Amino acid sequence: NLAFLSALTPEEMAGSPLVAADALQATMGGAAGTFVTVASLVILLSSLNVQFLGMPRVVLGLAREGLAPSSFTRIGQRGTPQPALVFITLILLGLAITGAFEFLVRFMMTVAFAVDLVVLAGIFVLRRRRPDLHRPLLVPLFPWLPAITVLLYLLVLVTIIWTQPGLGGGAALMLGGLGVAGWLTLRTSE
């Protein structure tokens, strides 16, 4: 952010669709800005590819645990979870038709930050509740590094909610719905 602020004014940053490209273009010329734009698109496409490959497998895993319809447990001849893949494809197509690409990316990132925050906080919960678990990978500088990371994630989420209350509210509703669904699922499985 300091590098961006040294190249652009806050007003220029606020009006920029890709701050990194504009900052490089301002300091190193048009070719550098173009390079960052192309690199950003490649990163976006690879991220979408990972999400597209991962989400059907999450649905498959949920179905195997009884947390999604059992029809999502079917696997095709090539080893792909076909019903889950079709389901995710239909959802993604429906979202793409809305034309709200930028909003969807911001919404997805807000939800991802919130989920990551819960996962990071889970480190502390598991250490307290399950000290007996085998931990093949140790968290470096525990508890300080995870605590700082949790605080930074909280700061980002508070900033998003403060500056974009509609986005924060929508993400909170979605996460709250997932929380209620998880609670009901755990209650009925006991």
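About the cut-offs
- Residues numbered from 1 in each chain as written.
- Predicted model: local features only at pLDDT ≥ 70, side-chain atom pairs only at ≥ 80, totals over all residues.
- Heavy atoms only, no water.
- Phe/Tyr/Trp six-rings, centres within 6.5 Å; stacked < 30°, edge-to-face > 60°.
- Helix = DSSP H or I, 4+ residues; strand = E, 2+ residues; numbered from the N terminus.
- Lys NZ or Arg CZ within 6 Å of the ring centre and 35° of its normal.
- Core = buried A, V, L, I, M, F, W, Y, C linked by side-chain atoms within 4.5 Å.
- Buried < 20%, exposed > 50% of the residue type's maximum accessible area, 1.4 Å probe, protein only.
- Contact = heavy atoms within 4.5 Å.
- Expected span 1.5 Å × (residues − 1).
- Patch = residues over 30% accessible without salt bridge, like charges linked within 9 Å, V, L, I, M, F, W, Y side chains within 5 Å.
- Areas by Shrake-Rupley, 256 points an atom, 1.4 Å probe, with all protein chains shown as cover.
- Salt bridge = Lys/Arg side-chain N within 4 Å of Asp/Glu carboxyl O.
- Axes fitted to C-alpha atoms, helices over the stretch in contact; angles between N-to-C directions.
- Parallel < 35°, antiparallel > 145°, perpendicular 65-115°, else oblique.
- Left-handed = near helix turned anticlockwise from the far one by under 90°.
- Nonpolar A, V, L, I, M, F, W, Y, C, P; charged D, E, K, R; others polar.

Focus on the packing of aromatic side chains
Per the counting criterion, the structure on display carries 3 aromatic pairs. Judged by centre distance (5.0 Å) and plane angle (50°), the rings of Phe113 and Tyr153 are tilted. On the criterion of sequence distance, the pair formed by Phe113 in helix α6 (residues 101–129) and Tyr153 in helix α7 (residues 144–163) is long-range, its members being 40 residues apart. Across the ring face of Phe142, the terminal group of Arg127 is positioned such that the distance to the ring centre comes to 3.9 Å.

Considering the nonpolar core
Counting residues in hydrophobic clusters, the biggest one holds 6 residues: Val59, Ala63, Ala68, Phe72, Ala84 and Ile88. When residues of this core are traced back to their parent elements, those giving at least two are α4 (30–64) and α5 (82–97). Beyond its immediate stretch of four places on either side in the chain, Val59 contacts Ala68, Phe72, Ala84, Phe87 and Ile88.

Side note on the environment of Ala7
By the secondary structure assignment, Ala7 is in helix α1 (residues 2–7). Sequence separation between Ala7 and Trp144 is 137 residues, and the spatial gap between their C-alpha atoms is 33 Å. When residues no more than four places from it in sequence are discounted, the contact partners of Ala7 are Glu12, Ala23, Ala26 and Thr27.

Points about α4
The terminal C-alpha atoms of α4, which comprises 35 residues, lie 51 Å apart, in line with the 51 Å expected from a rise of 1.5 Å per residue. Residues of α4 that are buried: Ala32, Gly33, Val36, Pro56, Val59, Leu60 and Ala63. Where α4 is buried, its residues contact α3 (19–28) and α5. Two residues or fewer after α4 comes Gly66, characterised by a positive phi angle close to 80°.

Here's the deal with a nonpolar patch on the surface
A contiguous nonpolar patch, built from Phe87, Ile91, Leu92 and Leu95 and spanning about 290 Å² of accessible area, is present on the exposed surface. Position of Phe87 relative to the elements: it lies in helix α5. Residue Phe87 is classed as partly exposed on the basis of its relative accessible area of 35%.

Details of the packing of α6 against α7
The contact between α6 and α7 brings their axes to 10 Å, and the two run at 155°. Relative to α7, the element α6 lies roughly antiparallel. Where α6 crosses over α7, the handedness of that crossing is left-handed. The residues of α7 that touch α6, namely those facing Thr110, Phe113, Ala114, Asp116, Leu117, Leu120, Ala121 and Phe124, are Pro146, Ala147, Thr149, Val150, Tyr153, Leu154, Val156, Leu157 and Ile160. Here the residues of the contact of α6 with α7 sort into 14 nonpolar, 2 polar and 1 charged.

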